[in-house]
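This is what each chain is made of:
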Amino acid sequence: MGCGIEFRLTHGIPDMLLPTERSEVEAFLTEYNAIRRAQGWEVTELEKLPYEGGAPAAYWRFRRRSFEVIREHCAVPPAPGSVALDIGAGVAWLTRWLAEWGYEATAIDVNIAPPLGLSGGNPCIRAGRAFNRVRAGIDRLPFDDATADLVVLNASLTYARDPAGVIRRVQEILRPGGRVIIADTPIYRTLKGGESMSRRLYRHHRRALGRAPIYHERFTYILKQSLFRYLEDAGFEFKVVEPAPDLWWRFYVLRNRLALREPVWMPVIVARKRDGGRLR
Ligand SMILES: C[S@@+](CC[C@H](N)C(=O)[O-])C[C@H]1O[C@@H](n2cnc3c(N)ncnc32)[C@H](O)[C@@H]1O
């Protein structure tokens, strides 16, 4: 017997949003896409990301640093049939790398429309890259328990309503020994640092939209001690990898220190679902 809910294809992509989720997701996306448009977010050459083909250039310069860490941890060929989920994948630029590295990869996002949503990834599919796409929200992931070997949360965890719940759910979805990689997530050591960033972002988004943002709380940060506790409580062992600081990053940190502001902390966290083994 079915559940009585019909799921549809949107832009040819399985759309797993519940009818009750749709209107709020669409309203959030209207605001999200308007902000990103105002910030000049653009992908011109999907296959070349994160090295070329993305704007703003400074943003992608920054994303390259964490990508190198992700590559180091994921490009080692996985066992045949290993499953990777890229949650909050946007245009699925990283999903296509996961597929290239040998995973059966799936991109998951609520944003489906081009240019920044999942169907923005069509050029990769047309170029023969083999990965799946599913429209779903990070807070209600439609996957069975113990079915994934790798989950990537790349610049997406803080969009969750309940990051602790997401980490618990990811732990269930992973097979024993499976890994979650959390990257490019704005982490602050102090509430003061995070709130100060949040106020600056609010002003920036208000200027971009020409009105007060409605979904400001979705563009947020996470406290270091909270994130570590969520991972420990969910049964992960983890290590923190600092991407190599380039000149731009050093300049960013220095500028913030001079302004007596806490710079954001953006390490890559590699966590493994405990199975008695050590994290390598
Ligand atoms: C900063 S972008 C990161 C995209 C991609 N992971 C990357 O590394 O470039 C954040 C992504 O999270 C998605 N997102 C926001 N809220 C979400 C939600 N509730 N569930 C799933 N994805 C969400 C956005 O649509 C967007 O694609």
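This one's a predicted model, so the numbers in the text were calculated from it and none came from an experiment.

Asks: Honestly, unusual backbone geometry in this entry has me stumped. Any pointers?
Replies: It is generally the case that most residues other than glycine have a negative phi and that most peptide bonds are trans. The linkage connecting Leu49 with the following residue, Pro50, adopts the cis geometry, with an omega of 5°. Within the secondary structure layout, Pro50 lies in the loop between strand S3 (42-43) and strand S4 (54-55). Here the amide bond leading from Ala55 into Pro56 is cis, since omega sits at -5°, within 30 degrees of zero. Despite not being glycine, His11 has its phi angle at roughly 50°, a positive value. When you line up the elements, His11 lands in the loop between strand S1 (8-10) and strand S2 (13-15). The phi dihedral of Ala92 falls on the positive side, at around 75°, and the residue is not glycine. Here Ala92 shows up in the loop between strand S5 (83-87) and helix H3 (93-100). Overall, the relative accessible area of 0% leaves Ala92 in the buried class.

Asks: I tried to follow the site of the ligand on my own but got confused; where do I start?
Replies: Taken together, 18 residues sit near the ligand, with Arg63, Gly88, Asp109, Ile138 and Asn154 positioned nearest. Within the backbone of Gly88, a nitrogen or oxygen atom sits 2.6 Å from a nitrogen atom of the ligand. Contacts to the ligand include Trp93, whose side-chain N or O atom sits 2.9 Å from an oxygen atom. Computed on the free molecule, the ligand has an accessible area of 590 Å², of which 93% lies beneath the protein chains in the complex. Contributing elements (two or more residues each) for the shell around the ligand: helix H1 (19-38) and helix H2 (57-74). Within the shell around the ligand, the residues separate by chemical class into 11 nonpolar, five polar and two charged.

Asks: I tried to follow helix H6 (residues 191-209) on my own but got confused; where do I start?
Replies: Quick reminder: α-helices carry 3.6 residues per turn. Residues three or four places apart thus point the same way. Relative to the 27 Å expected for 19 residues at 1.5 Å per residue, H6 spans 26 Å between its end C-alpha atoms, a close match to the ideal helical length. If you check which residues of H6 are buried, you get Gly193, Gly194, Ser196, Met197, Ser198, His205 and Leu209. Residue Gly210 follows H6 closely and has a positive phi angle near 75°.

Asks: Help me understand the pattern of salt bridges in this model?
Replies: Following the criterion strictly, the structure yields 18 salt bridges and no others. The closest approach of N and O atoms between Arg169 and Asp145, which form a salt bridge, is 2.8 Å. Highlighted residues: Arg169 in helix H5 (residues 163-173) and Asp145 in the loop between strand S7 (132-135) and strand S8 (148-154), separated in sequence by 24 residues. Classification of Arg169 as partly exposed rests on a relative accessible area of 21%. The salt bridge involving Arg169 is made with Glu172; its shortest N-O contact spans 2.7 Å. Taken together, the residues Arg169 and Glu172, both in helix H5 and three residues apart, mark about one turn of the helix. Taken together, the shared-partner salt bridges connect Asp15, Arg22, Glu26 and Arg135 into one network.

Asks: Explain the nonpolar core here, please?
Replies: Side chains of a nonpolar character, in soluble globular proteins, are inclined to be buried together. Judged by nonpolar contacts, the single largest core of 32 residues is most densely connected at Cys74, Trp93, Leu94, Leu98, Trp101 and Leu150. For this core, the secondary structure elements donating two or more residues are H2, H3, strand S6 (104-109), S8, strand S9 (174-183) and strand S13 (268-273). Every residue in contact with Trp93, bar those within four places of it in the chain, is listed here: Leu46, Leu49, Pro50, Trp60, Arg63, Phe67 and Asn154. Formed by 31 residues, the second largest nonpolar core is a distinct cluster that contains Leu141, Leu153, Val180 and Ala271.

Asks: It is not clear to me how the environment of Val241 should be interpreted in this structure. Could you clarify?
Replies: Within the secondary structure, Val241 sits in strand S12 (residues 236-241). Overall, the relative accessible area of 18% leaves Val241 in the buried class. Separated by 90 residues in sequence, Val241 and Val151 have C-alpha atoms that sit 17 Å apart.

Asks: What am I meant to see in H5 here?
Replies: In terms of burial, H5 is a largely internal element, eight of the 11 residues being buried. Along H5, the positions that sit buried rather than exposed are Pro163, Ala164, Gly165, Val166, Ile167, Val170, Gln171 and Ile173.

Asks: How do you make sense of the packing of H5 against helix H7 (residues 224-233) when you look at a structure like this?
Replies: How two helices sit against one another is set out by the angle between their axes and by the gap between those axes. Look at H5 against H7: their axes get within 9 Å of each other, and the N-to-C directions meet at 30°. Taken together, the axis directions place H5 and H7 in an arrangement best described as roughly parallel. Helix-helix and strand crossings are classified by hand; for H5 and H7 the assignment is right-handed. Seen from H5, the contacting residues are Pro163, Ala164 and Ile167; seen from H7, they are Leu227, Tyr230 and Leu231. A breakdown of the residues in the contact of H5 with H7 according to their chemical character gives six nonpolar, no polar and no charged.

The rules behind these values
- Starting afresh in each chain, residues are numbered from 1 along the sequence in its written order.
- Totals for whole chains, interfaces and linings use all residues, but because this is a predicted model, local features are given only for residues with pLDDT of at least 70 and pairs of side-chain atoms are given and counted only at 80 or more.
- Excluded from the side-chain calculation are hydrogens and water; included are all heavy atoms of the structure.
- The helix count covers DSSP runs of H or I at least four residues long, the strand count covers runs of E at least two residues long, and both are numbered beginning at the N terminus.
- Residue burial is assigned from relative accessible area. The probe radius is 1.4 Å, only protein chains are included, and a residue is buried under 20% of its type maximum, exposed over 50%, and partly exposed in between.
- To be near a molecule or strand, a residue needs just one of its heavy atoms within 4 Å of it.
- Polar contact is the term for a pair of N or O atoms within 3.5 Å; when the atoms are in protein, one must be able to donate a hydrogen and the other to accept it, and sequence-neighboring residues count only if both atoms are side-chain atoms.
- Surface exposure here means Shrake-Rupley accessible area, sampled with a 1.4 Å probe, where a residue is shielded only by the protein chains that are shown.
- Each residue is assigned to one class: nonpolar for Ala, Val, Leu, Ile, Met, Phe, Trp, Tyr, Cys and Pro, charged for Asp, Glu, Lys and Arg, and polar for all the others, Gly among them.
- Each residue after the first adds 1.5 Å to the expected span of a helix.
- Salt-bridge detection follows one rule: a side-chain nitrogen of Lys or Arg within 4 Å of a carboxyl oxygen of Asp or Glu.
- The criterion is simple. A nonpolar core is a set of buried Ala, Val, Leu, Ile, Met, Phe, Trp, Tyr and Cys residues joined through side-chain atoms within 4.5 Å.
- We call two residues in contact when some of their heavy atoms are within 4.5 Å.
- Note on geometry: axes are lines fitted to C-alpha atoms, helical ones only across the stretch in contact, with angles between N-to-C directions running from 0 to 180 degrees.
- By the definition adopted for this analysis, an angle is roughly parallel if under 35 degrees, roughly antiparallel if over 145, roughly perpendicular if from 65 to 115, and oblique otherwise.
- Two helices crossing with the near one rotated counterclockwise from the far one by less than a right angle form a left-handed crossing, whereas a clockwise rotation gives a right-handed crossing.

The analysis is restricted to geometry; functional conclusions fall outside its scope.
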